[in-house]
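What follows is each chain in one-letter form.
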Amino acid sequence: MVHPANKKISQPGSQLRGHVARKRFGQNFLVSTAIIQEIVDAIAPRAGETVVEIGPGLGALTEPLLARIDHLQVVEIDRDLIARLRQRWPAERLTVHEGDALDFDFSALKRAGPLKIVGNLPYNISSPLLFHLSESATVVHDMHFMLQKEVVDRMVAEPGSSDFGRLSVMLQYHYHMECLFTVPPDAFEPPPKVMSAIVRLIPRDKKKVGADGTAQSADNETAKDEALFARIVAAAFGQRRKMLRNTLRSFIDEAGLTALGISPTARAEELGVGDYVRLANALKNAPTPQPQT
Ligand code: SAM
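Here the structure is a predicted model, which means the values were calculated and not measured.

Asks: Sorry if this is basic, but what is going on with the overall build of the protein here?
Replies: If you tally the helices and strands in the protein, you get ten helices and eleven strands. Counting the 293 residues in the protein, one finds 46% classified as buried. Long-range contacts, defined here as pairs at least 24 residues apart, represent 63% of the contacts in the protein between residues at least 6 apart. Just so you have it, the protein exposes about 14,600 Å², and 50% of that area is on carbon and sulfur atoms.

And the structure:
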């Protein structure tokens, strides 16, 4: 049986219409109509929604998205591809933001409602891009991305597993995530060397509403100081084989860890997201321990 990914877009001559894929921009273009259909069905864009595509490339996802909605925002870095996109669709249908998605202010696009952000992401910048997008999590409705399967495995990993790391904690803090399906290399041109996967990210509602109707935060859900939380997670996983009493020495001493119910001999991957939030919140106003001589 022919795998659905092998159903490719039929184009006379090159599948890439004369474009030469640029490695430095992580260009692996989707050419499987079946996979493209499956991705757009998962995204399920609806009229009136503000949809943003990162890295539209030759328009493999852009075209079917524009078949379902009137207007799309895209962020693309490759000037040749930008020229093609502008030629193919008028500005009323497609707004092309020329530049690096890593510097792009996604929150500036929120108009009437929250954003749907999508893309077959350049794999060479996927982790920094996911961290950058987390800064705009409050203006996002949902995000659907194609990524290296290995990265998706790390994103959705559970505590205790070897895949569970800084990326898992930081993204799970902001989002509920689900790996929807995997995509084989032959769905792309040129084919990447690795398996890919589609992941859905939905921002967690970190604010709880109290009995009196006012917004409240559960202690183990919202970090009062997200920068401190991020620093603690980075320190813990910076040397993931070491015990927390060593990696977190500049933040908290052994007695402090024990008082929080955290074993000083545990390693970073043994703590859940809630534990890191609890640690950060306990340390928010605590004096920094003096270095031991
Ligand atoms: N969406 C197309 C598809 O599925 O066939 C192309 C996907 S290709 C994996 C990644 C796309 O992201 C390319 O169009 C590439 O030029 C673009 N890109 C690479 N780095 C970028 C960056 N830093 N900011 C914005 N776009 C970028």
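Asks: What is the right way to read the layout of surface pockets from this model?
Replies: Over the atoms, a rolled probe matching the size of one water molecule traces out where space is still vacant. Approximately 390 Å³ is the volume attributed to the largest pocket. F25, G55, E76, N120 and P122 are the residues nearest the centre of the largest pocket, which is lined by 28 residues in total. Of all elements in the fold, only β1 (29-30), β2 (50-54) and β3 (72-76) reach the threshold of two or more residues within the lining of the largest pocket. When its residues are assigned to classes, the lining of the largest pocket shows 15 nonpolar, nine polar and four charged. What the second largest pocket holds in volume is close to 300 Å³. Around the second largest pocket sit 13 residues that line it, and K23, G26, N28, P192 and K193 are the ones nearest its centre. Split into classes, the residues belonging to the lining of the second largest pocket amount to six nonpolar, four polar and three charged.

Asks: Sorry if this is basic, but what is going on with the side chain of S136 here?
Replies: When you line up the elements, S136 lands in the loop between α4 (126-134) and β6 (140-148). Since its relative accessible area comes to 6%, S136 is described here as buried. Non-local contacts of S136, meaning those with residues more than four positions away in its chain, are made with F106 and S107.

Asks: Can you help me understand empty space enclosed by the protein in this one?
Replies: As enumerated under the stated definition, the model contains two cavities of 30 Å³ or more in all. Here the largest cavity defines a volume of roughly 40 Å³. As for the largest cavity, its lining consists of I39, I43, L61, V118, G119, N120, H144, F145, M146 and I198. Elements that contribute at least two residues to the lining of the largest cavity include exactly α1 (33-43), β5 (115-120) and β6. Here the lining of the largest cavity is composed, by residue class, of seven nonpolar, three polar and no charged. In terms of lining residues, the second largest cavity is bounded by G26, N28, N120, L121, Y123 and F188. Looking at the lining of the second largest cavity residue by residue, the class counts come to three nonpolar, three polar and no charged.

Asks: Would you take a moment to explain the packing of aromatic side chains for this structure?
Replies: Two descriptors summarise a pair of aromatic rings, namely the distance from one centre to the other and the angle between the planes of the rings. The full count for this structure, using the stated rule, is four aromatic pairs. Ring centres of F104 and F106 lie 4.9 Å apart, and the angle between their planes is 75 degrees; this geometry places the pair in the edge-to-face category. By the burial criterion, F104 is buried, and F106 matches it. Between F164 and F237, the ring centres sit 6.2 Å apart and the planes meet at 70 degrees, which makes this aromatic pair edge-to-face.

Asks: What's the story with the side chain of E76 in this structure? I'm lost.
Replies: Examined against the element boundaries, E76 turns out to sit in strand β3. Residues in contact with E76, not counting those within four places in the same chain, are G55, P56, G57, L81, I82, L85, H97, E98 and G99.

So, how was this worked out
- Residues numbered from 1 in each chain as written.
- Predicted model: local features only at pLDDT ≥ 70, side-chain atom pairs only at ≥ 80, totals over all residues.
- Heavy atoms only, no water.
- Helix = DSSP H or I, 4+ residues; strand = E, 2+ residues; numbered from the N terminus.
- Buried < 20%, exposed > 50% of the residue type's maximum accessible area, 1.4 Å probe, protein only.
- Contact = heavy atoms within 4.5 Å.
- Areas by Shrake-Rupley, 256 points an atom, 1.4 Å probe, with all protein chains shown as cover.
- 1 Å grid on protein atoms, 1.4 Å probe; cavity = no way out; pocket = protein on both sides within 12 Å on 5 of 7 lines; lining within 4 Å.
- Points joined across faces, edges and corners; volume = space filled by probe spheres on them.
- Nonpolar A, V, L, I, M, F, W, Y, C, P; charged D, E, K, R; others polar.
- Phe/Tyr/Trp six-rings, centres within 6.5 Å; stacked < 30°, edge-to-face > 60°.

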